[in-house]
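Residues per chain are reported as follows:
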Amino acid sequence: MFSVLLLAVPLAVLLPLFSPRRRVRELRRLSGLLLRALGVRVVHTGPRGGAALLVANHLSWLDGAALLVQQPIHLVADARTATGFLGRLLSGGGTIFLDRSRPRALPDTIAEITSALRTGLPVGAFPEGVRRCSSPGGAFTPAVFEAALRAGVPVRPTLIEHRLRGGRATSSAAFLSGQTLLDNVRAIAAIRGLEVHVRALPVLDPSRYRSRAALCRSAKAAIDRSATPSPAACPAADPRPFIPEKRLITPRDLTPSSVSYS
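Residues numbered from 1 in each chain as written. Predicted model: local features only at pLDDT ≥ 70, side-chain atom pairs only at ≥ 80, totals over all residues. Heavy atoms only, no water.

Chemist: Help me understand the overall build of the chain, please; the structure alone is not making it clear to me.
Modeler: Helix and strand counts for the chain come out as eight helices and seven strands. Counted over contacts in the chain with a minimum sequence separation of 6, partners at least 24 positions apart contribute 79%. With an accessible surface of roughly 12,600 Å², the chain has 56% of that area assigned to carbon and sulfur atoms. (Helix = DSSP H or I, 4+ residues; strand = E, 2+ residues; numbered from the N terminus. Contact = heavy atoms within 4.5 Å. Areas by Shrake-Rupley, 256 points an atom, 1.4 Å probe, with all protein chains shown as cover.)

This is how it looks when you write it as structure tokens:
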């Protein structure tokens, strides 16, 4: 872990000097080294690659790292991680920050996600808005699905599950309320045989849906159908809810389209 941190310091300085695609590749390489140092194995099933909006349930910061090591991808992260050294590293690696406390800023964030999708790389997002300690988690909010509609790219529902070697589900790695990042890293390092299972499900064609809300419901249903029943009910790891959907995007914020947003 110490060696990975030593590597991350100069990388945070150099990333803004690289091309956009190389930034993503370098953050991907660093994520792989970090997971390896923690003894975490990523198990991926299903297709990967190509421009798509990947939407997944959310258990831990491990989820973003697991998506990143499987393919070059832009991640959508909470704006609370945008400060300090970590924020500089994530920003330099092409991460898009979503500030849930500023609904007026959301149209700009959706535009940024749309622009990233149009470059041909996938974008990974966690539409639950909170972390939970078991799969498949709670309801999704529709806001980020607007970017897929605008960019005309498919949506790929993605199931993330934490398991121990041998297949047994575990909630030990969940990033729970009251934990610091250091606390959580220590907890993960103490788990023997931790695996993050990433299952890429069949894509959804946005052109077949009348609204982002319908697209959102279909994506969440696909994840729910594929999830292994949780061994125990778990509370939200971050209990703060998403901003009410009606405050996220209004018709005035959207470009003209034949899609219904009601």
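Chemist: Please explain the packing of helix H1 (residues 2–14) against helix H4 (residues 84–92) as it appears in this structure.
Modeler: For any two helices packed against each other, one specifies the crossing angle of their axes together with the interaxial distance. At a closest axis distance of 8 Å, the pairing of H1 and H4 adopts a crossing angle of 60 degrees. Here H4 runs oblique to H1, going by the angle between their axes. Taken as a pair, H1 and H4 cross one another with a handedness that is left-handed. Across the interface between the two elements, Ala8, Val9, Leu11, Ala12 and Val13 from H1 touch Phe85, Arg88 and Leu89 from H4. Broken down by class, the residue content of the contact of H1 with H4 amounts to seven nonpolar, no polar and one charged. (Axes fitted to C-alpha atoms, helices over the stretch in contact; angles between N-to-C directions. Parallel < 35°, antiparallel > 145°, perpendicular 65-115°, else oblique. Left-handed = near helix turned anticlockwise from the far one by under 90°. Nonpolar A, V, L, I, M, F, W, Y, C, P; charged D, E, K, R; others polar.)

Chemist: Would you mind showing me how to read the environment of Ser207 here?
Modeler: Checked against the element boundaries, Ser207 lands in the loop between strand S7 (194–200) and helix H8 (212–226). Residue classification places Ser207 among the exposed positions, given a relative accessible area of 62%. Residues Ser207 and Val153, 54 residues apart in the sequence, show an inter-C-alpha distance of 9.1 Å. Only 2.9 Å separates the side chain of Ser207 from the side chain of Asp205, close enough to count as a polar contact. (Buried < 20%, exposed > 50% of the residue type's maximum accessible area, 1.4 Å probe, protein only. Polar contact = N/O pair within 3.5 Å; in protein donor to acceptor, adjacent residues only side chain to side chain.)

Chemist: Where do I start with the pattern of salt bridges in this structure?
Modeler: Two side chains that carry opposite charge are able to pair once their charged atoms sit near each other. Going through the model one piece at a time under the given rule, you end up with nine salt bridges. In this structure, the salt-bridge partner of Arg22 is Glu26, at a minimum N-O distance of 3.4 Å. Placement of the pair is Arg22 and Glu26 together in helix H2 (residues 20–38), with a separation of four residues, close to one helical turn. (Salt bridge = Lys/Arg side-chain N within 4 Å of Asp/Glu carboxyl O.)

Chemist: Would you explain empty space enclosed by the protein in this entry?
Modeler: Over the atoms rolls a probe the size of a water molecule, and its path tells where empty space is left. Evaluated as defined, the whole model comprises one cavity of 30 Å³ or more. Looking at the largest cavity, its volume works out to about 40 Å³. As for the largest cavity, its lining consists of His44, Pro47, Arg48, Leu54, Leu67, Gln70, Gln71, Arg156, Thr158, Val198 and Ala200. Contributions of two or more residues to the lining of the largest cavity are made by helix H3 (62–70), strand S6 (155–164) and S7. Among the residues making up the lining of the largest cavity, the classes are represented as five nonpolar, four polar and two charged. (1 Å grid on protein atoms, 1.4 Å probe; cavity = no way out; pocket = protein on both sides within 12 Å on 5 of 7 lines; lining within 4 Å. Points joined across faces, edges and corners; volume = space filled by probe spheres on them.)

Chemist: What am I meant to see in the confidence of the model for the chain here?
Modeler: The predicted coordinates should not be examined in detail at positions where pLDDT is low. Considering every residue of the chain, the mean pLDDT works out to 82; 83% of them sit at 70 or more. Scored below 50 in pLDDT, residues 236–262 makes 57 contacts in the model with residues more than four places away or belonging to other chains. (pLDDT = per-residue confidence, 0-100.)

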